[in-house]
Amino acid sequence: MCIFCQIIEGTIPSYKVYEDDHVIAILDIAQVTYGHTLVIPKKHCNDILDADEETMAHIAKVLPMLSNKIVTSCKAKGSHIISNQGEISGQTVDHLHFHIVPRYKEDDAIIVKFNETNKPELSEVLKTING
Ligand code: 5GP
Ligand code: ZN
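So, how was this worked out
- What you see as residue numbers is a count from 1 along each chain, following the sequence as written.
- Throughout, the order in which chains and ligands are written sets their labels, letters from A for the former and numbers from 1 for the latter.
- Residues qualify for local features only when their pLDDT is at least 70, as the model is predicted, and side-chain atom pairs are given and counted only at 80 or more; totals for whole chains, interfaces and linings, by contrast, use all residues.
- The basis for every side-chain value is the complete set of heavy atoms in the structure, and neither hydrogens nor water enter the calculation.
- Only DSSP runs of H or I covering at least 4 residues are called helices, and only runs of E covering at least 2 are called strands; the numbering of each starts at the N terminus.
- What makes a salt bridge here is a side-chain nitrogen of Lys or Arg within 4 Å of a carboxyl oxygen of Asp or Glu, nothing more.
- Under the scheme applied here, a residue whose accessible area is under 20% of the maximum for its type counts as buried, over 50% as exposed, and between as partly exposed, the area being computed with a 1.4 Å probe on protein chains only.

- Looking at an unreviewed UniProt entry, one finds the chain named Protein hit, with bioreactor metagenome as its source organism.

Some points on the environment of T55
Next, step 1: Mapped onto the fold, T55 is located in helix α2 (residues 53-73).
Next, step 2: C-alpha separation for the pair T55 and P41, spaced 14 residues apart in sequence, amounts to 6.9 Å.

Details of the pattern of salt bridges
Two side chains bearing opposite charge may form a pair once their charged atoms approach each other closely.
Next, step 1: Tallied over the full model, the rule gives 8 salt bridges.
Next, step 2: K43 serves as the salt-bridge partner of D52, at 2.4 Å between the closest nitrogen and oxygen.
Next, step 3: Several salt bridges converge on common partners, so that one network encompasses R103, K105, D107 and D108.

So, the environment of P64
Next, step 1: Mapped onto the elements, P64 comes out in helix α2.
Next, step 2: Relative accessible area serves as the criterion here: at 46%, P64 is assigned to the partly exposed category.
Next, step 3: In sequence terms P64 and I81 are 17 residues apart; their C-alpha atoms lie 9.2 Å from each other.

Structure (structure tokens):
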């Protein structure tokens, strides 16, 4: 059983920020910033591709509610909502989860930067994606 399933079952302790029938939200054990929280569906799925529609619809409801609650209560200025999909993107736990990482200042210990690399022909990219 994966580590998040064990947390959901209660065999591994956690600090629960929120719980309902479909998700739990717990403090990340490695707090990138104060209040860093993981939103985790109770039903195991590896990632977003593997999640059912009901689960995703529910997560879409819970994420804004929780990020607003965390940002407000922690007096943050904003947040990242991030879900790593696959090892290449940094996913280390193969049970779908969304990070809510509150932001306080420019040099918080998280860098999400979109660097433009080469300049592909956008019509080609579109063809690659849509066929
Ligand atoms: P990923 O790297 O897959 O996007 O995120 C996994 C997250 O799970 C990491 O930020 C890591 O700190 C957190 N994590 C791993 N094991 C535990 C644990 O046992 N308890 C809690 N609360 N968080 C964990
Ligand atoms: Zn699991």
